[in-house]
Amino acid sequence: MRTDPWWKSAVVYQVYPRSFQDSDGDGIGDLQGIRSRLDHLERLGVDVVWLSPVYRSPQADNGYDISDYRDVDPVFGTLDDLDELTADLHARGMKLVMDLVVNHTSDEHPWFVESRSSPTSAKRDWYWWRPAREGYAPGEPGAEPTNWESFFSGPTWTLDEASGEYYLHLFHTKQPDLNWENPQVRQAVYDMMRWWLDRGVDGFRMDVINVVSKDPALPDGAPTHSGLGDGFPHYANGPRIHEFLAEMHREVFAGRTGEYLTVGEMPGVTWADAVLFTDPARAEVDMVFQFEHVGLDHGAGGKFDPVPLDLRTLKASLGRWQTELGERGWNSLYWDNHDQPRVVSRFGDDERFWRESATALATVLHLHRGTPYVFQGEELGMTNAPFAGVEDLRDVEALNHYAHALAQGREPDEVMHGIRAMGRDNARTPVQWDGSAQAGFTTGEPWLAVNPNHSWLNAAAQRDDPGSVLHHYRRLIELRHTLPVVADGDFRMLLAEHPHVYAYERTLDGTRLLVAANLSGETQAVEVDAAWAAGEVVSTNGVDAAFDDRLVLAPWAAVAVLLA
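Described below are features of the structure shown in this document. Predicted, not measured: the structure shown is a model, and the values here were computed from it.

Topic: the packing of aromatic side chains
- The full count for this structure, using the stated rule, is 29 aromatic pairs.
- Between F232 and Y235, the aromatic rings sit 5.7 Å apart at their centres with planes inclined by 75°, giving edge-to-face as the arrangement. You can see F232 and its partner Y235 sitting in helix α6 (residues 232-235), three residues apart, about one turn around the helix.
- In this structure an aromatic cluster arises from ring pairing among Y55, Y69, W111, W126, W195 and W196.
- The residue whose ring lies beneath R18 is W447, and the NZ or CZ to ring-centre distance is 4.9 Å.
- For the cation-ring pair, R37 lies above W433, with the distance from its terminal atom to the ring centre recorded as 4.2 Å.

A few points about the layout of surface pockets
- One number sums up the size of the largest pocket: a volume of about 1600 Å³.
- Surrounding the largest pocket, 49 residues form its lining, F151, H298, G302, K303 and E397 being those nearest its centre.
- For the lining of the largest pocket, the elements supplying multiple residues, two or more each, are β11 (229-230), α6, β15 (302-306) and α12 (396-407).
- Of the residues assigned to the lining of the largest pocket, the class counts are 15 nonpolar, 21 polar and 13 charged.
- Taken together, 21 residues line the second largest pocket, and the ones lying closest to its centre are S345, R346, F347, G348 and D349.
- Secondary-structure elements contributing two or more residues to the lining of the second largest pocket are α9 (311-325) and α10 (343-346).

Notes on the nonpolar core
- Among the nonpolar cores identified, the biggest contains 130 residues, and L51, L82, M98, W180, M193 and M248 are the most heavily contacted of them.
- Element by element, the count of residues in this core is highest for helix α5 (residues 183-198), at eight residues.
- Among the nonpolar cores identified, the runner-up in size contains 17 residues, and L159, Y166, Y235 and A236 belong to it.

A look at the sheet that holds strand β22 (residues 536-540)
- One open sheet accounts for five strands, arranged β18-β19-β20-β25-β22; its pairing is antiparallel. The open sheet is flanked by β18 (490-494) and β22, the only strands paired with a single partner. Sheet twist, expressed as the mean angle between neighbouring strand axes with direction ignored, is 20°.

Brief notes about the side chain of E378
- One can find E378 in the loop between β17 (371-375) and α12.
- Although E378 is buried, it forms no salt bridge, and the closest oppositely charged side chain is R342 at an N-O distance of 5.9 Å.
- Within the local environment of E378, its side chain forms a polar contact with the side chain of Y473, the two groups lying 3.0 Å apart.
- The residues touching E378, leaving out its near neighbours within four places in the chain, are W335, D336, R342, Y373, V469 and Y473.

Some points on the pairing of strand β1 (residues 12-15)
- The alternating pattern of β1 places V12 and Q14 on one face and Y13 and V15 on the opposite face, and all of these are buried.
- Relative to β17, β1 runs parallel, the two being bridged by three bridges. Across the sheet, V12 pairs through a bridge with Y373, a residue of β17.
- Here β1 runs beside strand β2 (residues 48-51); their pairing, made up of four bridges, is parallel. Residue V15 lies in a different strand from β2, and its bridge partner there is L51.

Description of the pattern of salt bridges
- Taken as a whole and assessed by the stated rule, the structure comprises 42 salt bridges.
- In this structure, R512 and D529 form a salt bridge, with 3.4 Å as the shortest nitrogen-oxygen distance. On the criterion of sequence distance, the pair formed by R512 in strand β20 (residues 511-518) and D529 in the loop between β21 (524-526) and β22 is long-range, its members being 17 residues apart.
- Note on D529: relative accessible area 39%, which makes it partly exposed.
- Linked through salt bridges whose partners overlap, the residues forming this network are D61, K303, D339, D395, E397, R424 and R428.

Things to note about the sheet that holds β1
- One open sheet accounts for eight strands, arranged β13-β12-β9-β5-β2-β1-β17-β16; its pairing is parallel. A strand with exactly one partner marks an edge of an open sheet, and here the two such strands are β13 (287-289) and β16 (332-333).
- The pairing of β2 with strand β5 (residues 95-100) spans four bridges and is classified as parallel. If you follow V49 over to β5, its bridge partner there is L96.

Basis of the calculations
- Residue numbers here run from 1 along each chain, matching the order of that chain's written sequence.
- Local features in a predicted model are, by the rule used here, given only for residues with pLDDT of at least 70; side-chain atom pairs are given and counted only at 80 or more, and totals for whole chains, interfaces and linings are based on all residues.
- For side-chain calculations, the full set of non-hydrogen atoms in the structure is used, while hydrogens and water are omitted.
- Centre distance within 6.5 Å is the pairing criterion for rings of Phe, Tyr and Trp, where only the six-membered ring of Trp is used; planes under 30 degrees apart are then read as stacked, over 60 as edge-to-face, and the remainder as tilted.
- Under the DSSP-based scheme used, a helix requires at least four consecutive residues in state H or I and a strand at least two consecutive residues in state E, with every element numbered from the N terminus.
- Whether a charge sits over a ring comes down to the Lys NZ or Arg CZ being within 6 Å of the ring centre and within 35 degrees of the ring normal.
- Put plainly, a pocket is an open set of points on a 1 Å grid over the protein atoms alone with protein on both sides within 12 Å along at least five of seven lines, a cavity is a set where a 1.4 Å probe fits but cannot get out, and a lining residue has an atom within 4 Å of a point.
- Grid points are joined across faces, edges and corners, and a volume is the space filled by probe spheres set on the points.
- Side-chain classes follow a simple rule in which Ala, Val, Leu, Ile, Met, Phe, Trp, Tyr, Cys and Pro form the nonpolar group, Asp, Glu, Lys and Arg form the charged group, and the remainder, Gly included, forms the polar group.
- The definition of a nonpolar core used throughout is a set of buried Ala, Val, Leu, Ile, Met, Phe, Trp, Tyr and Cys residues joined through side-chain atoms within 4.5 Å.
- Residue burial is assigned from relative accessible area. The probe radius is 1.4 Å, only protein chains are included, and a residue is buried under 20% of its type maximum, exposed over 50%, and partly exposed in between.
- Here, any two strands with at least 2 DSSP bridges between them count as paired.
- Simply put, an axis is a line fit to the C-alpha atoms, just over the touching stretch for a helix, and the angle between two N-to-C directions goes from 0 to 180 degrees.
- Only four residue types enter the charge count, namely Lys and Arg as positive and Asp and Glu as negative; His and the chain termini do not.
- The working definition used for a salt bridge is a side-chain nitrogen of Lys or Arg within 4 Å of a carboxyl oxygen of Asp or Glu.
- Between N or O atoms, a polar contact is any pair within 3.5 Å; within protein, one atom must be a potential hydrogen donor and the other a potential acceptor, and residues adjacent in sequence are included only when both atoms are from side chains.
- Contact definition: two residues touch when any of their heavy atoms are within 4.5 Å.

Structure, rendered in structure tokens:
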């Protein structure tokens, strides 16, 4: 089955190249390694591979700091390797989507090197340069042009000693922000995008694309617990963001033949914003990556202050996005990605009900309206890693948080508790292909330690097991490909106030699909329409689910029932 547009019935698989498969024994995944594992992706049934950055980079933020947009970093291979991967994917009926990181570059990108060379440089205005705050000398505490706090802790401004001016970086100090107010910057970006499409790439996942339009006044933000200010209201969904994305579509995609995918990663976006961004009539992006549902277990202290998830809150959030995007907008569906911890450890029960909770959570997500994303290893039920201490970490966000938290007087064990639960390294441990010494990922020493549970949790152990997490993901992907109601049906949340059961109904042209999952460790019995007892069970995770006078769900049972 193919829908119109094609991506409504598609499933995307995210590859984080550094951790997917190493082909040369240096402990870092690479493009030839990815090519060697395409049988796994083909058997899984995915339609699109989203490749996290493989561009030339100093790797200050694992490739999200790009120094050359038109070359591959030697750690991953060559442009020829990437062309071969693209051809291999196309030959297997899959598309390739590249990560597009254009809010910022590396400070080693020639554009920034030139911009930094002199205040009179022709590229000075390609980035955000500002003098010290009035009344302060450059370098003095509080002299930064604004009080904004970086996503990676500390100020968003770094002093350039040579010129006495500061440059803006919402992320790492080595990731200066491009100034999209400058039309030359935008045209350079569009030209680069066209170059990749001409090379055979099928679209882009656009990293933090809704922060490229900033309030040119750069006003201070409201103070936060860190002592710095929250600049988010002044740079997210800024005054020209819709203009910029519409221009990008016109300049890069309009009139081009072929099937392409554009995904806007948009922190802080609301459903109302998303309707505008993804309304086909506006021609901006096909779908958004939003973060509302993955912020629900963040405490007052932010992401590293986790709190228990209230399922009713999760249902309210996801249900609202389903309803409000309606027929105009489109959403990405995900639990895991390279920035999130593993869902089976986060929202599931990876100790008592590992397989059951991994498959229940997958069922709930994949049968919603939207395009599902599978992050590498998620289809195996990979879990968070048992990081002993800070020496086990590699992620700049976690390392900066740890240093800042200790400087504020917090205890190391307390800080590590939050990092173990929510740190990005959880998603970045190597894919667990088999039970051998390094999980089949490398013959060398991996850049980040393999999770010790790979001895039993691995692809080889699940490949021919019909009850495995892997087989369950295959079946869910097959349902999206074969049941029109999954791709195109309307959505109605059921049992919205039930604290443990997630249930909803999809409908299309007289066809009804019930999806129900018990997301708890205790048996639950709920009232549903008696007609469902006569339906066809099209998905089950192998846990008892029975229709009596009510639907009785054993711990972490998930079922999908079709009435046609």
